[in-house]
Amino acid sequence: MSPSFHIPYAVPTVLLALALLIKLPTFLRAWRDPEVRATTLLLFWATSALVVIIPVNIERLNELTGVPNIAAPWAYSFLTASCATGLTMIMRWREEPSQRRRRRIRRIHWIYAGIIAALWGTFALADAPQARIYDLDTYYASTPWMREHILLYLLAHLVSCLTAVRMLWKWFHEVENPWLKTGVVFLQAGFSSGLVFDSAKLTAVTARWCGTDWDWLSTKAAPPFALLEAALVAFGFIVPQAVPAVRRGILDQGEYLRLRPLWRAVRVLGPAAAPARFGFWIPLDLRVVERQQRIHDALRLLSPYFDADLFHTAYREATITHTESRARAIAGALAIRDAIARYGAKTPVHGKADPPHIGPEVTGHLSTISAALYRPRSIDRVRRRVARTESLNAHA
């Protein structure tokens, strides 16, 4: 069998597995969060279903277990579990937490767990000795218990798709968040593809009952819509969570890098308090907090050495050639650099008994001050102008 035949199965499987891999660290950190847990399970069930239905894996599973068609209840169980998880995820997004919502979610879990148990029960009762990789649904469409097995998974999937499409259609006009709205569109398209899959399969099975061979609907027309459904539904649940997370990550990365020059400048100071210790795998937002904490600790140490008059003089000089925000950043960088030098020389500006705190004109603009430290030439130019001004005032 040509490997290229399996590419349509492999592509959405790899995409889902990649999404699951990306989601896994969040799951390990926040597995108690029902939404995180449900999203991870959804990706796991959908990925598992696609892995099982790859034709080469069906053959391997049959050979490994020695049970013909054992891949059927496995794949249909994973598919049914993903249906249940998908419905409960939509409910979690649509509705505020309540006792009613919990009861409905619990009811769905029990119903679909019962369906999965029935899938295994009907398969155990069925007589399906001939292994069928591509046309199992139509080949055994009239076989006792196997017929019920096939109808059970198709009808469970059909009901879940219809319910999801109806809920999403009502919800679409209420959603304001653009990324959540995008997710709803993906979900609508995905569950609609699932309806096409179910329609093609059920039509082919019904045709078999009527003595007509429309197997191509089941073997050729339906599978692409199943693969499309898996990919679109996964994207629908991932996009509203992943895109904001990626944006936050980009912002955190930018903040982390912007604070680096200031963080490096104050590393020469001993910490004012015990610094937080974070491991290598700690999320970036906590690393930003750690870096901010280190800077604020250093500023508390620098309070006796911080010359507020120097800051205001430098600010006035910098506004001559720079915008207000840039001038504030340069003045803050100059004053902090001066305070660090005074700290090293042990020449405080204020008494250590009750030194004034460094004000929000500095602490509220740490990122821009840090960026100014990265380009010291501007600071040096303003410093020379401040020195000239102080010299003129001394001779006046």
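Residues numbered from 1 in each chain as written. Predicted model: local features only at pLDDT ≥ 70, side-chain atom pairs only at ≥ 80, totals over all residues. Heavy atoms only, no water.

## A look at the overall build of the protein
For step 1, the next point in the chain: Of the regular secondary structure elements, the protein holds 16 helices and zero strands.
For step 2, the next point in the chain: Taking 396 residues into account, the globule formula puts the C-alpha radius of gyration at 21 Å, and the protein, at 32 Å, lies well above it.
For step 3, the next point in the chain: With the C-alpha coordinates of the protein rotated into their principal frame, the extents come out at 110 × 50 × 45 Å.
For step 4, the next point in the chain: Contacts in the protein between residues far apart in sequence, at least 24 positions, make up 75% of those at least 6 positions apart.
For step 5, the next point in the chain: Carbon and sulfur atoms form 63% of the exposed surface of the protein, whose accessible area is close to 20,900 Å².
For step 6, the next point in the chain: The distance from the centre of the 47 positive side-chain charges to the centre of the 30 negative ones in the protein is 6 Å. (Helix = DSSP H or I, 4+ residues; strand = E, 2+ residues; numbered from the N terminus. Rg over C-alpha atoms; globule rule 2.2 N^0.38 Å. Contact = heavy atoms within 4.5 Å. Areas by Shrake-Rupley, 256 points an atom, 1.4 Å probe, with all protein chains shown as cover. Lys, Arg positive; Asp, Glu negative; His and termini not counted. Charge placed at Lys NZ, Arg CZ, Asp CG, Glu CD.)

## What to know about the packing of aromatic side chains
The relation between two aromatic rings is expressed through the spacing of the ring centres and the mutual angle of the planes.
For step 1, the next point in the chain: Throughout the structure, instances matching the rule amount to nine aromatic pairs.
For step 2, the next point in the chain: Aromatic pair W74 and W120: ring centres 5.4 Å apart, planes at 90°, arrangement edge-to-face. Of this pair, W74 sits in helix α4 (residues 71-94) while W120 is found in helix α5 (residues 99-125), placing the two residues 46 residues apart along the sequence.
For step 3, the next point in the chain: Relative accessible area serves as the criterion here: at 29%, W120 is assigned to the partly exposed category.
For step 4, the next point in the chain: Here the aromatic residues F44, W45, W74, F78 and W120 are joined through ring pairs into a cluster of three or more.
For step 5, the next point in the chain: Positioned over the ring face of Y139 is R132, at 4.1 Å from the centre of the ring. (Phe/Tyr/Trp six-rings, centres within 6.5 Å; stacked < 30°, edge-to-face > 60°. Buried < 20%, exposed > 50% of the residue type's maximum accessible area, 1.4 Å probe, protein only. Lys NZ or Arg CZ within 6 Å of the ring centre and 35° of its normal.)

## A short note on the packing of helix α2 (residues 34-53) against helix α9 (residues 215-258)
For step 1, the next point in the chain: Remark: α2 packs on α9, axes separated minimally by 11 Å, with the N-to-C direction vectors making an angle of 160°. Overall, the two elements α2 and α9 adopt an arrangement that is roughly antiparallel. Note that α2 runs across α9; the crossing there is left-handed. Judged by residue contacts, E35, T39, L42, L43, L50 and I53 of α2 engage L227, A230, A234, F237, I238 and Q241 from α9. (Axes fitted to C-alpha atoms, helices over the stretch in contact; angles between N-to-C directions. Parallel < 35°, antiparallel > 145°, perpendicular 65-115°, else oblique. Left-handed = near helix turned anticlockwise from the far one by under 90°.)

## Side note on a nonpolar patch on the surface
For step 1, the next point in the chain: A cluster of nonpolar side chains, L18, L21, I22, L24 and L28, forms an exposed patch at the surface whose accessible area comes to about 510 Å².
For step 2, the next point in the chain: In this fold, L21 is placed in helix α1 (residues 7-29). (Patch = residues over 30% accessible without salt bridge, like charges linked within 9 Å, V, L, I, M, F, W, Y side chains within 5 Å. Salt bridge = Lys/Arg side-chain N within 4 Å of Asp/Glu carboxyl O.)

## So, the nonpolar core
For step 1, the next point in the chain: Y112, M146, I150, Y153, F191 and F237 are the most contacted members of the largest nonpolar core, which has 55 residues in total.
For step 2, the next point in the chain: Looking at this core, the elements that each hand over two or more residues are α2, α4, α5, α7 (146-172), α8 (178-209) and α9.
For step 3, the next point in the chain: Among the elements that take part in this core, α4 stands out by supplying 13 residues, more than any other.
For step 4, the next point in the chain: Counting 34 residues, the second largest nonpolar core, distinct from the first, contains V266, F311, Y343 and L373. (Core = buried A, V, L, I, M, F, W, Y, C linked by side-chain atoms within 4.5 Å.)

## Some thoughts on α4
For step 1, the next point in the chain: Taking 1.5 Å per residue, 24 residues should reach 34 Å; α4 reaches 35 Å between its end C-alpha atoms and fits that length.
For step 2, the next point in the chain: Taking burial as the measure, the 24 residues of α4 include 22 buried ones, the bulk of the element. (Expected span 1.5 Å × (residues − 1).)

## Quick word on the environment of T319
For step 1, the next point in the chain: Looking at where T319 falls in the secondary structure, it is placed in the loop between α12 (308-318) and α13 (324-345).
For step 2, the next point in the chain: T319 gets classed as partly exposed once you look at its relative accessible area, which sits at 35%.
For step 3, the next point in the chain: Here R316 takes part through its backbone oxygen, which lies 2.6 Å from a polar atom of the side chain of T319. (Polar contact = N/O pair within 3.5 Å; in protein donor to acceptor, adjacent residues only side chain to side chain.)

## Structural notes on the pattern of salt bridges
For step 1, the next point in the chain: Under the criterion given, the structure shown has 13 salt bridges.
For step 2, the next point in the chain: In this structure, the salt-bridge partner of R337 is D380, at a minimum N-O distance of 2.8 Å. Placement of R337 in helix α13 and of D380 in helix α16 (residues 376-395) is noted, with a sequence separation of 43 residues between them.

## A word on the packing of α2 against helix α3 (residues 55-65)
For step 1, the next point in the chain: Between α2 and α3, the least distance of the axes is 5 Å, while the angle of their chain directions is 80°. For the element pair α2 / α3, the angle class is roughly perpendicular. Across the interface between the two elements, V51, V52 and I53 from α2 touch P55, N57, I58 and L61 from α3.
For step 2, the next point in the chain: Along the lines of polarity and charge, the residues of the contact of α2 with α3 split into six nonpolar, one polar and no charged. (Nonpolar A, V, L, I, M, F, W, Y, C, P; charged D, E, K, R; others polar.)

## Here we look at a positive patch on the surface
For step 1, the next point in the chain: On the surface, a cluster of positive charge is made up of R102, R103, R106 and R107.
For step 2, the next point in the chain: Looking at where R107 falls in the secondary structure, it is placed in helix α5.

## A short note on the side chain of D135
For step 1, the next point in the chain: If you trace the backbone, D135 turns up in the loop between α5 and α6 (136-139).
For step 2, the next point in the chain: Its relative accessible area of 14% is what places D135 among the buried residues.
For step 3, the next point in the chain: Separated by 2.8 Å, the side chains of D135 and R132 make a polar contact.

## Notes on the confidence of the model for the protein
For step 1, the next point in the chain: For the protein, the mean per-residue pLDDT works out to 84, and 91% of the residues sit at or above 70.
For step 2, the next point in the chain: Of all secondary-structure elements in the protein, the lowest mean pLDDT belongs to α1, at 74, while α5 reaches the highest, 93.
For step 3, the next point in the chain: Considering only residues more than four positions removed or in separate chains, one finds that residues 1-5, a stretch of pLDDT under 50, has four contacts. (pLDDT = per-residue confidence, 0-100.)

## Some remarks on the environment of V362
For step 1, the next point in the chain: As for its position among the elements, V362 is in helix α14 (residues 360-363).
For step 2, the next point in the chain: Separated by 226 residues in sequence, V362 and L136 have C-alpha atoms that sit 71 Å apart.
For step 3, the next point in the chain: Other than its neighbours up to four places away in sequence, V362 contacts F306, F311, I336 and I369.

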